[in-house]
Amino acid sequence: MDFGFLSEYWYYFVSGTVNTIVIAILTVILGVIIGTGIALMKISHNKIFKAVASSYIEFIRGTPLLVQITLFFYLISLPEFHIFGLEMERFIPGVIAMSVNSGAYVAEIIRAGIQAVDKGQMEAARSIGFTQGQAMRYIVLPQALRNILPALGNEFVVVIKESSVLSVISISELMRNTNIIQGAIYRPFEPLAITAVIYFVLTFSLTRLLGYAERRMRTSD
Amino acid sequence: MMKGMLKRIFCLIIVVTIGISIAGCGGGETMKRIEKTGKLVVGTSGDYAPYEYHMLVDGKDTIVGIDISIAEEIAKDMGVQLQIVDTDFNGLLSSLNTNKVDIVIAGMNPDEKRKKSVDFSKIYYEAKQGVMVRAEDKDKYKTVADLKDKKVGAQLGTTQEKIVKEQLEGANLVSLGKIPDLVMELKNKKIDALVVELPVASGYVKNNNDLALTDVPVKDDTGGSAIAVKKGNSNLVEQINKSLDRLMKDGLIDKFVQEANEKNVTK
Amino acid sequence: MINVKNLHKTFGSLHVLQGIDVTIEKGEVVVVIGPSGSGKSTFLRCLNLLEQPTDGEIIFEGINITDKKNDVNKQRQKMGMVFQNFNLFPHLSIIDNITLGPIKLKNQTPEQAKENAMSLLKRIGLEEKANNYPAQLSGGQKQRIAIVRALAMSPDVMLFDEPTSALDPEMVGEVLEVMKELAAEGMTMVVVTHEMGFAKEVGTRVLFMDEGKIKEDAPPSEIFTNPKDDRTKEFLSKIL
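Given the structure is predicted, the values throughout are model-derived calculations rather than measurements. (Residues numbered from 1 in each chain as written. Chains lettered and ligands numbered in written order. Predicted model: local features only at pLDDT ≥ 70, side-chain atom pairs only at ≥ 80, totals over all residues. Heavy atoms only, no water.)

Draft legend 1. Summary view of the overall build of chain C. Per the secondary structure count, chain C includes nine helices and ten strands. Expected size for 240 residues packed as a compact globule is a radius of gyration near 18 Å; at 18 Å, chain C falls within 12% of this value. Its C-alpha atoms put chain C at 55 × 45 × 30 Å along the principal axes. Expressed as a percentage of the 240 residues in chain C, the buried residues total 55%. Carbon and sulfur atoms form 47% of the exposed surface of chain C, whose accessible area is close to 10300 Å². For chain C, the separation between the mean place of its 28 positive charges and that of its 33 negative charges on side chains is 4 Å. (Helix = DSSP H or I, 4+ residues; strand = E, 2+ residues; numbered from the N terminus. Rg over C-alpha atoms; globule rule 2.2 N^0.38 Å. Buried < 20%, exposed > 50% of the residue type's maximum accessible area, 1.4 Å probe, protein only. Areas by Shrake-Rupley, 256 points an atom, 1.4 Å probe, with all protein chains shown as cover. Lys, Arg positive; Asp, Glu negative; His and termini not counted. Charge placed at Lys NZ, Arg CZ, Asp CG, Glu CD.)

Below, the structure written as structure tokens:
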């Protein structure tokens, strides 16, 4: 084991880690937006909405993320431009693919969260005179959020780990940068070991943070 | 529902295929584009030292290596700026054919299969191929016959893969996408030998005491590395060949190889 | 006030309501009794369309609410409903439970709504619980809050769906007390219950339901002393 290369290549770990975190945050945000839409479609009474939402979820969950990412990269052809040194023509399709993927899982999390709210809550709200939408907004969703948030935290952890797949379309996240270092220093093992530790520290501290937040939320009940 | 979905997927595939084939037409357009933008966009795969690899130069992430030095010279001859695009090796030729890059320099061998989808310049560097093994096994492998029934690694979709199949009779091929992964397998005794280009192999041997080069003779039919250009751009190929002739005549390419090897040795 | 004509409701192959015809006048306290599975809760839930009737008409204050073009949300504001399981909103404080409807639906200012809610809470003696959450209340307190929540919308009629069935016995009294006061003030009420004492004492009319039909419709004095229908007799003999 020889970690002397770090003096020359530490930068790639740092920038890769930062990019991985940025990608994960964007993915979770977009995934929640997509997932909420799909979940609402799935629990609606409109047959077409239901069918679209179900096909979406089934298709995404039935195909590998790797395939989806490659497919999106070739489908979304963007002119090249850079923001903060990131190649947007790769970064954008990559984040979209990750979000579309995560959205399907988030949709199921949200649907389950909504359906776990007692049916009586919706009935009580409707009996006061709230419309379906108002009842959702004021009564059901705020309660569903307590079921949803912990599961969303787990999805965040999953996204951090799965974003390593983006290295196949050469987005300079942590895994891609690890490959770059491996290729440059003729030593394959050490960079990989460091990267494993970084991923673990990221997900472990996030899990602890979420556990703490969850306990706080429960005691405020 | 299932039927509708299949239909949609089908449409998608057709649209993609048509898109790619339309992008494949047109003549001399790459040269026109380079002249218009004043920029030569070079696609490469920056994890293949010493041909191309990343380094911090004055604190900035930069791709350097033999191929990059050559690309700089070509851009200089054309009087345009150079821009490097770093992609996975497997995606390079489709980047070329979808006009995401103008040319590809990535230590690429002009084999028959690739010649079907793109055109190549003349060969700029005749790399020899080497068989790398664990240092402790160096004495065991002297001839092609010694590799019989052994597991021999090569990078997926490369000339080396072909060499294992055609020249190493009785060897079992193990293909992986990335050379570092293959090296790891070699070190962990999951494979017994590894066919790589000599400049790459010597980099690994220099940096890893437990690796060694054998004298097992393998030869390269394709002759070395060349620059890929989208089909129908003979004027661009000519321009590149002119630059390559100059570099070879002045012995600059050998100098680049030497430079890259020196720069790259970390200790 | 409420005019029900030939009301039918089926759940799949189950014919729960088999033609209900009844008129409820302003100021009446109508108590609906009957064995479980007789359709009395379904009937009540049809009155504000929490269950969509399969057939028939419901006219409320002159408007046919079963008409597809009618927006029932407007009428629901005038029909308060109290559920067996209270259905308070657990994420909102008591005061917010009560004021949410008036603020969002009746355009009351938060100050107005709060003032109104506090005076309602004072009436049932729970004003000090205003900032508590439902989970901190007993069952009886929850149900009284649920009644106040419905009243805050100033409804013209109150629907009670077995309001005391989920309560511990010692808490039934406090809820019935509030309902009695309400009746005394002249509120129109439709109450599905098993509390025969309440029916006798407060009801102006008792509907006995069985097998999806109203078998008997009479004042409590008559129905409890001199039932005419055989099924009514049988039912009353079992529970009294």
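Moving on from the model shown.
Draft legend 2. Seen up close, the sheet that holds strand E12 (residues 211–213) of chain B. Residues and elements named next belong to chain B. One open sheet accounts for five strands, arranged E10-E9-E11-E8-E12; its pairing is mixed. Either end of the sheet is taken by a strand with one partner, and the two such strands are strand E10 (172–176) and E12. Going across the sheet, the axis of each strand differs from the next one's by a mean of 35 degrees, ignoring polarity. Relative to E10, strand E9 (residues 151–155) runs parallel, the two sharing five bridges. The partner of Ala154 across the bridge, within E10, is Ser175. In the packing of helix H6 (residues 159–167) onto the sheet, the strands contacted are strand E8 (129–134), E9, E10 and strand E11 (193–197), and the crossing angle to E9 comes to about 150 degrees. (Pairing = 2+ DSSP bridges. Axes fitted to C-alpha atoms, helices over the stretch in contact; angles between N-to-C directions. Contact = heavy atoms within 4.5 Å.)

Draft legend 3. Geometry of the packing of helix H5 (residues 139–151) of chain C against helix H6 (residues 169–184) of chain C. Residues and elements named next belong to chain C. Across the interface, H5 lies against H6 with an axial gap of 8 Å and an inter-helix angle of 20 degrees. For the element pair H5 / H6, the angle class is roughly parallel. The handedness of the crossing between H5 and H6 comes out as right-handed. Contacts from Gly139, Gly140, Gln141, Gln143, Arg144, Ile147 and Leu151 of H5 reach H6 at Met171, Glu174, Val175, Val178, Met179 and Leu182. In terms of residue class, the contact of H5 with H6 is made up of seven nonpolar, four polar and two charged. (Parallel < 35°, antiparallel > 145°, perpendicular 65-115°, else oblique. Left-handed = near helix turned anticlockwise from the far one by under 90°. Nonpolar A, V, L, I, M, F, W, Y, C, P; charged D, E, K, R; others polar.)

Draft legend 4. Quick look at the packing of aromatic side chains. Residue and element names in this part refer to chain A. The tally for this structure, following the rule as stated, stands at eleven aromatic pairs over all chains. Note on Trp10 and Tyr11: the rings are 6.2 Å apart at their centroids and 85 degrees apart in plane angle, and the pair reads as edge-to-face. For the ring pair Phe200 and Phe204, a centre distance of 5.3 Å and an interplane angle of 20 degrees mean the geometry is stacked. Of this pair, Phe200 and Phe204 are both found in helix H8 (residues 189–219), four residues apart, which corresponds to roughly one turn of the helix. Here Phe200 falls in the exposed class, since its relative accessible area comes to 51%. (Phe/Tyr/Trp six-rings, centres within 6.5 Å; stacked < 30°, edge-to-face > 60°.)

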